[in-house]
Structures are given as structure tokens and as C-alpha cells.
Amino acid sequence: MTKRVTIQKTTVEHYALLSPGPQHLGEVPNPQELQALTFFHGDTVIAIVGGGFIAPGVIQAWSFISDKVKSCGISFFKRVLQVVKIYINEHDIHRIQFSVKRGYMDGWKFAHSL
């Protein structure tokens, strides 16, 4: 049976289950202050993605991604895109801003594709 990418509301415990990729070296999230969604591939946490409104209709998005996301990249991308479309439609979003670490080309490609 193929494992699906599923989504849950992030809990503090999810951060301990994530093994962030090298692009997150030196970055430490503060889970108590973040609203986010956790993406799982089977039982494995592959990403935690969140964001917040910084102006009416404008969201600043962020993520912590595991290298394990590469094993299900297309499914992960489709699930993120699904969430983005829901937010756009439900909250009248006209702009989503992403922060991507300089030199992290996979992140740049991903953000550009959305």
C-alpha cells in the first residue's frame, strides 16, 4: 500500500519528530508561538508549514522541511498547493510571501512553482 501525504494541525510534539534538512542549519522554531500544519508521509513528519497575516490579504509563509520530503515530492507539492488554494479562497488572499534561504535552490523552485 502506498503511503499518502496527510496533514494535521501542528502540535509542539511534531517539532521533535521533524529532522530538518541542512537548509535549516541554525534555525530554531518557537513552537509555542507558531500556527502551522504538519505534513506526514505515513508516520514520518516531512514538513511543518505555517504563516500569518501581515496585512489584509497578505500572508507571510514559512516552513521547516525534512530531506525525507524528496521521497514524496509530488504528493507533498500537491497537498501544499491544496492548502494554499483553500486559504486564498477562504481568506481573500491576494499575495503570499515566502522566505527562502539564499542558495537553497530546491526551496526557490518550490516557492516559484506555487
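Up top is the structure these notes are about.
Residues numbered from 1 in each chain as written. Predicted model: local features only at pLDDT ≥ 70, side-chain atom pairs only at ≥ 80, totals over all residues. Heavy atoms only, no water.

(A) Local environment of the environment of His94. You can see His94 is positioned in the loop between helix H2 (73-91) and strand S5 (95-98). Residue class for His94 comes out exposed when judged on its relative accessible area of 61%. Taking the C-alpha atoms as reference points, His94 and Pro56, separated by 38 residues in sequence, lie 8.9 Å from one another. (Helix = DSSP H or I, 4+ residues; strand = E, 2+ residues; numbered from the N terminus. Buried < 20%, exposed > 50% of the residue type's maximum accessible area, 1.4 Å probe, protein only.)

(B) Focus on the sheet that holds strand S2 (residues 36-41). Pairing is mixed in the open sheet, where five strands are placed in the order S1-S2-S3-S4-S5. For this open sheet the edge positions go to strand S1 (5-9) and S5, each flanked by a neighbour on one side alone. For this sheet the average axis-to-axis angle between neighbouring strands, irrespective of direction, equals 25°. Where S2 and strand S3 (residues 44-55) come together, six bridges link them in antiparallel fashion. The partner of Ala36 across the bridge, within S3, is Gly50. Strands S1, S2, S3, strand S4 (58-65) and S5 of the sheet are contacted by H2, whose axis makes an angle of about 45° with S1. (Pairing = 2+ DSSP bridges. Axes fitted to C-alpha atoms, helices over the stretch in contact; angles between N-to-C directions. Contact = heavy atoms within 4.5 Å.)

(C) Spatial organisation of unusual backbone geometry. Phi is positive for Asp92, which is not a glycine, with a value near 50°. With respect to the helices and strands, the residue Asp92 is situated in the loop between H2 and S5. With a relative accessible area of 63%, Asp92 lands in the exposed category.

(D) Geometry of the packing of aromatic side chains. All chains considered together, the criterion is met by four aromatic pairs. With a centroid separation of 5.6 Å and 25° between ring planes, the pair formed by Phe76 and Phe110 is classed as stacked. Within this pair, whereas Phe76 is found in helix H2, its partner Phe110 is found in helix H3 (residues 105-113), the two being separated by 34 residues in sequence. Note on Phe77 and Phe110: the rings are 5.4 Å apart at their centroids and 90° apart in plane angle, and the pair reads as edge-to-face. With Phe77 in helix H2 and Phe110 in helix H3, the pair connects residues that are 33 residues apart, well separated along the chain. (Phe/Tyr/Trp six-rings, centres within 6.5 Å; stacked < 30°, edge-to-face > 60°.)

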